[in-house]
Amino acid sequence: MSNVQSQKVVTIDYTLTDDNSEVIDESTGGQFAYLHGSSNIIPGLEDALVGKEPGEQVQVTLAPDDAYGARDDQLLQSVPRDMFPEGAEVAVGNRFQAQGPDGDTIVLTVTNVGDEEVEVDANHPLAGETLHFDVKVVDIRDASAEELEHGHVHGPEGHEH
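My aim in this report is to walk through the structure given alongside it, one point at a time. For every chain, the first residue of the written sequence is number 1, and numbering continues from 1 along that sequence. Two thresholds apply to this predicted model, a pLDDT of at least 70 for residue-level local features and 80 or more for giving and counting side-chain atom pairs, whereas whole-chain, interface and lining totals are computed over all residues. To obtain the side-chain values, all non-hydrogen atoms of the structure were included, while hydrogens and water were left out.

**Observations concerning the side chain of S27**
Thinking step 1. Helix and strand labels come from DSSP, where a helix needs a run of H or I of at least four residues and a strand needs a run of E of at least two; each type is numbered from the N terminus. Here S27 is to be found in strand β2 (residues 23–35).
Thinking step 2. Working definition: with a 1.4 Å probe on protein chains only, accessible area under 20% of the residue-type maximum means buried, over 50% means exposed, and in between means partly exposed. Look at S27 and you get buried, because its relative accessible area is 11%.

**Concerning the sheet that holds strand β7 (residues 117–121)**
Thinking step 1. The 4 strands are arranged β4-β7-β6-β5 in an open sheet whose pairing can be described as antiparallel. Either end of the sheet is taken by a strand with one partner, and the two such strands are β4 (76–80) and β5 (95–99). Put simply, the sheet's adjacent strands are angled 45° from each other on average, direction ignored.
Thinking step 2. Judged from the 5 bridges that link them, β5 and strand β6 (residues 105–113) form a sheet pairing that is antiparallel. By the bridge assignment, F96 is partnered in β6 with L108. Whether two strands pair depends on DSSP finding at least two bridges between them. Whenever a helix is involved, its axis is fitted only over the stretch in contact; in every case the axis is a line through C-alpha atoms, and angles between N-to-C directions fall within 0 to 180 degrees.

**As for the environment of K136**
Thinking step 1. With respect to the helices and strands, K136 occurs in strand β8 (residues 131–142).
Thinking step 2. Once residues lying within four places of it in the same chain are set aside, the contact partners of K136 are T11, I12, D13, G55, E56 and Q57. Two residues form a contact once any of their heavy atoms are found within 4.5 Å.

**What to know about the packing of aromatic side chains**
Thinking step 1. When the centres of two rings from Phe, Tyr and Trp lie within 6.5 Å, Trp using its six-membered ring, the rings pair. Their planes under 30 degrees apart give stacked, over 60 give edge-to-face, and anything left gives tilted. Taken as a whole, this structure holds 4 aromatic pairs when the rule is applied.
Thinking step 2. When the ring of Y14 is compared with that of F133, the centres are 6.3 Å apart and the planes differ by 55°; the resulting orientation is tilted. You can see Y14 sitting in strand β1 (residues 8–17) and its partner F133 sitting in strand β8, a full 119 residues away along the chain. The residues Y14 and F133 share a single accessibility class, namely buried.
Thinking step 3. Between the aromatic rings of F32 and Y34, the centroid separation amounts to 6.4 Å while the plane-to-plane angle is 35°, which identifies the pairing as tilted.
Thinking step 4. For F32, a relative accessible area of 26% puts it in the partly exposed group.
Thinking step 5. Site record: aromatic cluster; members linked through ring pairs are Y14, F32, Y34 and F133.

**Thoughts on the sheet that holds β8**
Thinking step 1. Read across the open sheet, the 4 strands follow the order β2-β1-β8-β3; overall the sheet is antiparallel. For this open sheet the edge positions go to β2 and β3 (57–62), each flanked by a neighbour on one side alone. On average, each strand axis in the sheet is tilted by 25° relative to the strand beside it, whichever way the strands run.

**A look at the nonpolar core**
The tendency in soluble globular proteins is for nonpolar side chains to be buried as a group.
Thinking step 1. We call a set of buried residues a nonpolar core when its members are Ala, Val, Leu, Ile, Met, Phe, Trp, Tyr or Cys and they connect through side-chain atoms within 4.5 Å of each other. If you look at the biggest cluster of nonpolar residues, it comprises 21 residues, and the most contacted ones within it are L45, L49, F133 and V135.
Thinking step 2. Contributing elements (two or more residues each) for this core: β1, α1 (43–49), β3 and β8.
Thinking step 3. In terms of residue count, β8 provides more of this core than any other element does, 5 residues in total.
Thinking step 4. Every residue in contact with V135, bar those within four places of it in the chain, is listed here: I12, D13, Y14, L45, L49, E56, Q57 and V58.
Thinking step 5. In terms of nonpolar packing, the next biggest core, distinct from the first, is built from 8 residues, V79, F96, V110 and V118 among them.

In structure tokens form, the structure reads like this:
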């Protein structure tokens, strides 16, 4: 029987809750698969799953440093309202994609809307949060050569880039 290790495709069911036991996210029915060792999931959860076998369950609490990091106030900024796409609904809580200085796509969450300026937050929505995972390992298989080359799992029909 195989266990969770680098270069394996691991399928898990999980429930993610916050410190108040509120469900933040969940995946059941074997719908979530990732390539272990390729930074497809947060580091603390990946570390907690090493060596587990199908059918095993694990509960893990992750401090921000092992999850989405601490909140960084430098990632809060005001931008001119006309920077948003014409016709876009700019409201508190809405998310927009932008290009960062290094060319990577970043997600901005609107935190305040003024007549001329819009405050946005580039922190991950779960930055600064302690996260609680309840995970069951559903399946483990060898990754295909293509999955290893691409660094992520492909579905049964393959994957187009």
